[in-house]
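Understanding the architecture of this molecule
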Amino acid sequence: MGFATSEDARHLSADVDRSVKVLVVGAYGVGKTTLIDAVSEIPMLRTEEQITTASVGVDPRRGAKDTTTVAMDFGRVTLGASTALYLFGTPGQRRFWDLWAGLADGAVGVLVLVDTRWLEDSFEVLDQLEEHSRLPIAVVVNQFPDSPRHPDPEVRRALDLPPETPVVSGDVRERPHAVAALVALVEHALRRQGAGSVAA
Amino acid sequence: MQTEGYRDHPVRSYVLTGGRAHPTRNTLRPETLLRAADDGGRDLPATAGRHERAVLELCQGTLALAELAAYLRLPVSLVTVLVSDLVDAGTLVIRSTAAHDLPGTDLLEEVLDGLRNL
């Protein structure tokens, strides 16, 4: 093929020897890929897994042998000299995460994108995160141009979030806003570790 | 409606991986960083197929497992098996230091610094 030389722009710097990840979840169309694209230093990438529709219980009328494709969009940004941060945009439903072995293991946390116009779309995602994972969560209210502005406390109440869960608002097309959401998540993860070590 | 790589029937994936559905190691995650060994590619077993060769060619620089899968247009699950074999064969090395279950405080603080400096 001849395209993969050490000068290949796709490659990480030779000094990078550590990787961390954040999962970006949310209902369809809420801006997951937009946020990832705003932060990523490489063009957005996509990888897909095939599953039989029978295993996810969708439309059995189409026959149990049908397969469907579940996609994960992701990006990457190098932090400092030696660490690569990967942002994996995954379907909100927790059961799909298992399609990618180890996807949730060792994650810094989860950014949950919400759209205030369709707040109820976020309930299932949040419920499943609370039930099935212990990962730190930060909620990102994506401010679409035509979405009504709600003060963060109102969103927090509507989503019934625990007081320690950060809620940040912003236009995730803007890199500083997307980065601020990541900062809020990592700060939260650090606070939780501090609390954990005190409790232990 | 799908990219060519995904038209593969599941049976084909099974053949590509020598009939195994699971990698020989469970330390591989989508973000695991990989790189061809310094002499990578020269000692490929005769049985190595075009996908193994493509993995090594892409890994002349450091890439994460998920990136490899995306560039090869193959599912991560399949690439994990290929990568696992190549690591066992010594032609591919895991570049990232072993990940713990949860990132430690030091790492989180570094990530935070890195984000603030973006």
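Parameters at a glance
Residues numbered from 1 in each chain as written. Chains lettered and ligands numbered in written order. Predicted model: local features only at pLDDT ≥ 70, side-chain atom pairs only at ≥ 80, totals over all residues. Buried ≥ 20, exposed ≤ 12 C-beta atoms within 10 Å, placed from the backbone. Helix = DSSP H or I, 4+ residues; strand = E, 2+ residues; numbered from the N terminus. Pairing = 2+ DSSP bridges. Right-handed = clockwise from strand over helix to strand, strands pointing away. Axes fitted to C-alpha atoms, helices over the stretch in contact; angles between N-to-C directions. Contact = placed C-beta atoms within 7 Å. Core = buried A, V, L, I, M, F, W, Y, C linked by C-beta atoms within 7 Å. Parallel < 35°, antiparallel > 145°, perpendicular 65-115°, else oblique. Left-handed = near helix turned anticlockwise from the far one by under 90°.

An unreviewed UniProt entry annotates chain B as DUF742 domain-containing protein of Isoptericola chiayiensis.

1. Focus on the pairing of strand β5 (residues 109–114) of chain A
Put simply, side chains in a regular strand alternate between the two faces of the sheet. Residue and element names in this part refer to chain A. Within β5, six of the six residues are buried, which leaves the element mostly enclosed by the surrounding structure. Residues G109, L111 and L113 line one face of β5 and the alternating positions V110, V112 and V114 line the opposite face, and both faces are buried. Where strand β1 (residues 18–26) lies against β5, five bridges are found, and the strand directions are parallel. Its bridge partner lying in β5, G26 is registered against L113. Where β5 meets strand β6 (residues 137–142), five bridges bridge the pair, whose relative direction is parallel. Note on β6: the bridge partner recorded for L111 is A138. Regarding the hand of the β-α-β motif, the stretch spanning β5, helix α4 (residues 121–132) and β6 is right-handed.

2. Comments concerning the sheet that holds strand β2 (residues 45–52) of chain A
Residues and elements named next belong to chain A. Overall, mixed pairing links the seven strands, which are arranged β2-β3-β4-β1-β5-β6-β7 in an open sheet. Only two strands of the sheet have a single partner each, and these edge strands are β2 and β7 (167–170). For this sheet, the mean angle separating the axes of adjacent strands, direction not counted, is 25 degrees. In terms of strand pairing, β1 meets strand β4 (residues 83–89) through seven bridges, oriented parallel. Looking at β4, one finds that R18 is bridged to T83. Packing against the sheet, helix α5 (residues 152–159) makes contact with β6 and β7, and its axis sits at approximately 125 degrees to β7.

3. Section: the nonpolar core
A general feature of soluble globular proteins is that nonpolar side chains tend to end up buried together. Counting residues in hydrophobic clusters, the biggest one holds 79 residues, and the most contacted among them are V22, V24, L111, V112 and L185 of chain A together with L65 and V83 of chain B. Here the element with the most residues in this core is helix α4 (residues 76–89) of chain B; it accounts for eight residues. Setting aside chain neighbours within four positions, we find V112 of chain A in contact with V25, G26, S122, V125, L126, L129, I137, V139 and V140 of chain A.

4. A short note on helix α3 (residues 65–72) of chain B
Of all eight residues that make up α3 of chain B, six are buried, and the element is covered over most of its length. Once α3 of chain B finishes, R73 of chain B follows within two positions and takes phi at roughly 55 degrees, a positive value.

5. Describing the packing of helix α2 (residues 50–58) of chain B against α3 of chain B
All names here are of chain B. Running from N to C, α2 and α3 point in directions that differ by 120 degrees, and their axes come no closer than 11 Å. By the angle between their directions, the pair α2 and α3 is classed as oblique. For α2 against α3, the interelement crossing comes out right-handed. Every residue of α3 that contacts α2 at H51, A54, V55 and L58 is listed here: L68, Y71 and L72.

6. Some words on the pairing of β4 of chain A
Residues and elements named next belong to chain A. Burial analysis of β4 places seven of its seven residues in the buried class, the great majority of the element. Of the two faces of β4, the one lined by T83, L85, L87 and G89 and the one lined by A84, Y86 and F88 are each fully buried. Relative to β4, strand β3 (residues 67–79) is paired through seven bridges, and the arrangement is antiparallel. Among the inter-strand pairings, D73 is bridged to a residue of β4, identified as G89. Hairpin remark: β3 followed by β4, antiparallel, with three residues in the connecting loop; positive phi at G80, about 65 degrees.

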